[in-house]
Amino acid sequence: MKNARTLVFLSIPIMILFLLLGILVVGDIKNPEKRDCFLAHISTDKPIYRAGEEVYVRIVLVNAVNNKPVPDSITANMEIISPKGDTIARGYTNSERGSLGWKWKIGDAIPGGDYKVKASFPSHGYPPAERNFNIRAFRQKRLRTQIKFAREGYGPGDEVAATLEASRSEGGIPAGAKATVIARVDQTEAWRGETIIEDDGFAFARFKLPETIVEGDGVLSFAIEDGGIIETASKSIPILVSKVDLQAYPEGGDLVPDVENRVYFEAIAPNGRPADVTVELLDSKGNNLVTSKTEHEGRGRFVFTPGKDETYTLQVVEPWNVKTKITMPKPDGVIGLRSIKDKYKHGEPIIMEVASFSSCKVTLSRFETILDEKFLETMREKSSPEWRTFELSVPDEISGVLRVTAFDGEGKPRAERLIFREPSDTVNIEIEPDQKGYVPGDKVNLKIKTLDQTGKPVAGVVGITITDDAVLEMIETREKAPRLPAQVFLEHEARELFDSHVYLSEEMGAPKSLDLLLGTQGWRRFAFYTKEEFLKKYGDAGRRGIADLLPRAPQPAEWFAAGDARLGVPKLAVMNAAVENGAALEADFDGVIERMGRRNADKVDDFALVDIPQKEEMQDLEGKIQEVREMKKAVAFDEEFGVRRIAASSPMPLDYMAVREYAHKVRPNRQPDDRVDFTETLYWNAGIVTNDKGEAEISFDLSDSVTSFRILADGYTGNGAFGASDEVIESRRPFYIEAKIPLEVTAGDVIDLPVVLVNETDDAMEAALAISTNQGITIGEFPKTIEIPA
């Protein structure tokens, strides 16, 4: 056969690799308890993209139990999933020092909408992970704004209090700027007023809602006039009309009669957002036993002592127009379990309380790994159960969310709750720019330092994203993707993780907010499902919630394409596990074709296959290839490289795309006054390694944008310590002019054209303004010179 030697030469390294992989796979299947499960945590460089841009994806793989980064090279299958749920792009990448990098070029014809990037690990059995991002056309605003309401739920006649936070995209506060505030309810203007942005960048509005509200559609907008430019910020008013989704969660899973119980509750508005409400707990006679309010993200908690044969109702009483009520679970629990702290510090014991008549066993676990257990004797001499204190120990290296489960005398799980233990180590990341300020086109040099919690230098891996802060601020703070520490410690432990910056912070009330999250959104009832039931209900999210590790069995339907034809490297298609013989390959061929989107094998002109024989079959390599070729005529042969390959015309090639770093470069011959390059992401690194002194340096060039760029740094060390920090650098021109020009006008229009002259120097200046136009346009009066303060 022509070029047979070339074929053997290229195939031998691949065959050896996958034969070794196949041996490891068999070993893992026989001894699954020896394998660790690693969880993937995904981030993108931005939350919003335009068509034609590139999406940079970073993945960090950490041990599910001790949070240490994966030590080996791991392969991830990557997918881009469209708003319709279709996979529109595929690829794969490998890990390096615990992190993986990948990028995807957005086609110019890609429609807008909400997309997902998904990482899966079929070769290793780890649970998959996803991250959402948005594609749409947008214009950056000169002002970065965020609107916050004092509450997450208002009813007719209620007083609404709102705060606006505003800053200029290029840096600085528009202090003294006027803002016209308009509230519209049910498509009708309900209130109008004015406010002033104060020196700290905040403005306030307070107004009453109408006494009658039908649909509940409300919008609050601030029209801010800053130096002749008017920018608008708006946000939906959280109006509750008639009902909310109210849920109650007894702390251990069931209400236990005759002892004090803690109950968590959560209220969600019809639009899916949290609702701030006040609830009352009523007994069967209508007596109010408890009144409680939500405290964060529509969540709250209260305590009461239920009677054995009593029934209870939880109802919303504020806003007054919401009539939601639910029946509480029956008080028929046999074991009560409660925590005495909202979170536990590292180094202190886990002290809990249990209430039970009979003997019980209590375990402390991290996923399926038992960390400690206690046997508690019976208390039969008591007429009613009492809370008993017990203590559990945690290995020093374990932190994050832990699961406490109480079992009855028959070994059945009867109560369970999640608790949080603070990590022992953290990483403090310092970012030091080489200058205080920059102008467009400048080269920026940054020094990155990683320090432990005592301030001593420590080697680590830091992922860095530097992008336009105005784009990041287009996303509401509550809905921003969690940073790496919150991803590692919380994201897979909760069904939904909004307002993620709060839970691990030093903010007042953060520990309680964290406890409310785990008491309502946490996967806190594992014990009451079989594994099959749980995974059937919650799918991939459930797999992450229990760190479900699948066997690394050979999967002949999975293919990878190594290299890139555009770079002159042949695309070698290889299977991710050894195939025993040509018959096994034949048996799965049709399945492979269907899963690759080719439902008719006869129509495939050039499909990638490489037969990976066992070592003893290497002498018969040529015969095996000929056998498979004759078996399916659709397989083509590449005479140039001597291997079968994925054709360039394949509808969805699996491109290998391991990307570690991107640094923006200024274009050649750039002129100081050029304003054509408005690149938003200037630097991205999946994982830059700091040395023993905890230091690393990076550099990149600024674009032509006059704006602020935010440096987001998320890092970790080999022992599982995590940290995050950010810094802002400003790109300013000493003097520049901006005009807010309409996109189109009609003959006869009269245009009020705002022209902004910006002085970024430390001294006042006088500027002269000259305007020239084409024929047919008449310029009115305007100031020829203007004084611009420092």
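One numbering rule holds for all chains: residues counted from 1, following each sequence as written. Only residues with pLDDT of at least 70 get local features here, since the model is predicted, and only at 80 or more are side-chain atom pairs given and counted; chain-wide, interface and lining totals rely on the full set of residues. Side-chain descriptors were evaluated using all non-hydrogen atoms of the structure, hydrogens and water having been removed beforehand.

This brings us to the overall build of the chain. Secondary structure is summarised from DSSP: a helix means a run of H or I of at least four residues, a strand means a run of E of at least two, and numbering begins at the N terminus for each. In terms of helices and strands, the chain carries 7 helices and 44 strands. Looking at the chain as a whole, 52% of its 790 residues qualify as buried. By sequence separation, contacts in the chain at least 24 residues apart represent 66% of the contacts at least 6 residues apart. Values of accessible area rely on a 1.4 Å probe in the Shrake-Rupley scheme; residue burial ignores everything except the protein chains shown. Carbon and sulfur atoms make up 50% of the accessible area of the chain, which amounts to about 37,200 Å² in all. Accessible area is worked out with a 1.4 Å probe on protein chains only. A residue is then buried under 20% of its type maximum, exposed over 50%, and partly exposed in between. In this analysis, two residues are considered to be in contact whenever any of their non-hydrogen atoms come within 4.5 Å of each other.

So, about the sheet that holds strand β15 (residues 229-236). The strand order across the open sheet built from 4 strands is β12-β11-β14-β15, with neighbouring strands paired in antiparallel fashion. The open sheet is flanked by β12 (188-196) and β15, the only strands paired with a single partner. Taken pair by pair, the neighbouring strands of this sheet meet at an average axis angle of 20°, ignoring direction. Strands pair, by our definition, only if DSSP identifies at least two bridges between them. Here an angle of 0 to 180 degrees is reported between the N-to-C directions of two axes, which are lines fitted to C-alpha atoms, with helices fitted over the stretch in contact.

Using protein atoms alone on a 1 Å grid, points that fit a 1.4 Å probe yet trap it form a cavity, whereas open point sets bounded by protein on both sides within 12 Å along at least five of seven lines form a pocket; residues with an atom within 4 Å of a point count as lining. Grid points are joined across faces, edges and corners, and a volume is the space filled by probe spheres set on the points. In this structure, the second largest pocket spans a volume of roughly 960 Å³. Every residue lining the second largest pocket is counted, 27 residues in all, and those nearest its centre are I751, L753, I777, T778 and I779. Broken down by secondary-structure element, the contributors of at least two residues to the lining of the second largest pocket are β41 (735-739) and β42 (755-759). Under the grouping applied here, Gly and all other residues not named as nonpolar or charged are polar, the nonpolar ones being Ala, Val, Leu, Ile, Met, Phe, Trp, Tyr, Cys and Pro and the charged ones Asp, Glu, Lys and Arg. Of the residues that constitute the lining of the second largest pocket, the class distribution is 18 nonpolar, 6 polar and 3 charged.

Nonpolar core, defined: a set of buried Ala, Val, Leu, Ile, Met, Phe, Trp, Tyr and Cys residues in which side-chain atoms within 4.5 Å join the residues together. With 26 residues, the main nonpolar core has L61, W104 and F133 as its most contacted residues. Of all elements in the fold, only β1 (38-44), β3 (54-63), β4 (75-81), β6 (99-105), β7 (113-121) and β8 (126-135) reach the threshold of two or more residues within this core. Excluding its chain neighbours within four sequence positions, the residues that come into contact with L61 are F38, L39, A40, K68, P69, V70, I74, G98, L100, F121 and Y126.

Residue position: S169 is located in the loop between β10 (159-168) and β11 (178-185). Using a relative accessible area of 4% as the deciding quantity, one classes S169 as buried. Not counting the four nearest positions on each side in its chain, S169 is found in contact with K141, R142, L143, R144, A470, T707 and S708.

Here we take up the pattern of salt bridges. Once their charged atoms are close, side chains differing in charge can pair, the charge on each being opposite to the other. By definition, a salt bridge exists where a carboxyl oxygen of Asp or Glu is found within 4 Å of a side-chain nitrogen of Lys or Arg. All chains considered together, the criterion is met by 53 salt bridges. Three or more residues are tied together by salt bridges with common partners; here these are R144, D469, R483, R710, D714 and D726.

Looking at the chain as a whole, its pLDDT mean stands at 82, while 81% of the residues score no less than 70. Per-residue confidence from the predictor is reported as pLDDT, which spans 0 to 100. Contacts for the low-pLDDT stretch residues 553-619, under 50 throughout, to residues beyond four places or in other chains number 153 contacts.

The subject of this paragraph is the sheet that holds strand β38 (residues 695-701). Pairing is antiparallel in the open sheet, where 3 strands are placed in the order β30-β31-β38. The sheet is open, and its two borders are formed by β30 (428-433) and β38, each paired with just one other strand. Within the sheet, the average angular offset between the axes of one strand and its neighbour, ignoring direction, is 25°. With 6 bridges connecting them, β30 and strand β31 (residues 443-451) associate as antiparallel partners. Residue pairing across strands places I431 opposite I448, the latter belonging to β31.

Turning our attention to helix α5 (residues 531-545). Across its 15 residues, α5 extends only 11 Å between first and last C-alpha, which sits more than 12% below the 21 Å expected from 1.5 Å per residue. Residue G539 marks the point of greatest curvature in α5, where the axis turns by about 125°. Buried within α5 are the following residues: F534, G542, R543, R544 and G545. For a helix, the expected span equals 1.5 Å multiplied by the residue count minus one. Throughout, the bend at a residue refers to the angle made by two axes, fitted to the seven residues ending there and to the seven starting there.

In this analysis, a patch consists of residues with relative accessible area above 30% that form no salt bridge, clustered at 9 Å for like charges and at 5 Å for the nonpolar side chains Val, Leu, Ile, Met, Phe, Trp and Tyr. Neither His nor the chain ends contribute to the count of charged residues, in which Lys and Arg are positive and Asp and Glu negative. We put the charge of a Lys on NZ, of an Arg on CZ, of an Asp on CG and of a Glu on CD. Taken together, the side chains of E165, E198, D199 and D200 define an acidic patch exposed on the protein surface. If you trace the backbone, D199 turns up in the loop between β12 and β13 (202-208). Among the residues examined, D199 registers a relative accessible area of 68% and is labelled exposed.

In this section: a nonpolar patch on the surface. Together, I741, V745, I751 and L753 line one region of the surface with nonpolar side chains, adding up to about 370 Å² of accessible area. Mapped onto the secondary structure, V745 falls in the loop between β41 and β42.

For the rest of this paragraph, the subject is the pairing of strand β17 (residues 261-268). The side chains of a regular strand alternate, first on one face of the sheet and then on the other. The buried fraction of β17 amounts to 8 of the 8 residues, a majority that puts the element mostly inside the structure. Neither face of β17 is open: one carries N261, V263, F265 and A267, the other R262, Y264, E266 and I268, and all of them are buried. Bridge count between strand β16 (residues 245-250) and β17: 6 bridges; the pairing is antiparallel. Each residue of the ladder has a partner; that of A248, found in β17, is F265. As defined by bridge partners, β17 adjoins strand β20 (residues 299-304) across 6 bridges and the pair is classed as antiparallel. Paired with V263 across the two strands is F302, which belongs to β20.

Further remarks concern the packing of aromatic side chains. Aromatic rings from Phe, Tyr and Trp, taking only the six-membered ring of Trp, are treated as a pair when their centres fall within 6.5 Å; an angle between ring planes under 30 degrees marks them as stacked, one over 60 as edge-to-face, and anything in between as tilted. Within this structure, the stated rule accounts for 17 aromatic pairs. Between Y115 and F133 the ring centres are 6.0 Å apart and the planes differ by 20°, which places this aromatic pair in the stacked class. One end of the pair, Y115, is in strand β7; the other, F133, is in strand β8, with 18 residues separating them in the sequence. The class for F133 is buried, based on a relative accessible area of 2%. Here F534 and Y538 contribute two aromatic rings whose centre-to-centre distance is 5.1 Å and whose plane-to-plane angle is 55°, an arrangement assigned as tilted. Taken together, the residues span about one helical turn, with F534 and Y538 both in helix α5 at a distance of 4 residues. Look at F534 and you get buried, because its relative accessible area is 3%. What links up through ring pairs into an aromatic cluster is the set Y49, W104, Y115 and F133.

So, about the environment of K141. Within the secondary structure, K141 sits in the loop between β8 and β9 (143-149). Among the residues examined, K141 registers a relative accessible area of 35% and is labelled partly exposed. Separated by 27 residues in sequence, K141 and R168 have C-alpha atoms that sit 8.8 Å apart. The residues contacting K141, other than those within four sequence positions of it, are S169, E231, T232 and A470. Separated by 2.5 Å, the side chain of K141 and the backbone oxygen of T232 make a polar contact. As used in this structure description, the phrase polar contact means that two N or O atoms lie within 3.5 Å; if the pair is within protein, one of them must be able to donate a hydrogen and the other to accept it, and residues adjacent in sequence are counted only when both atoms belong to side chains.

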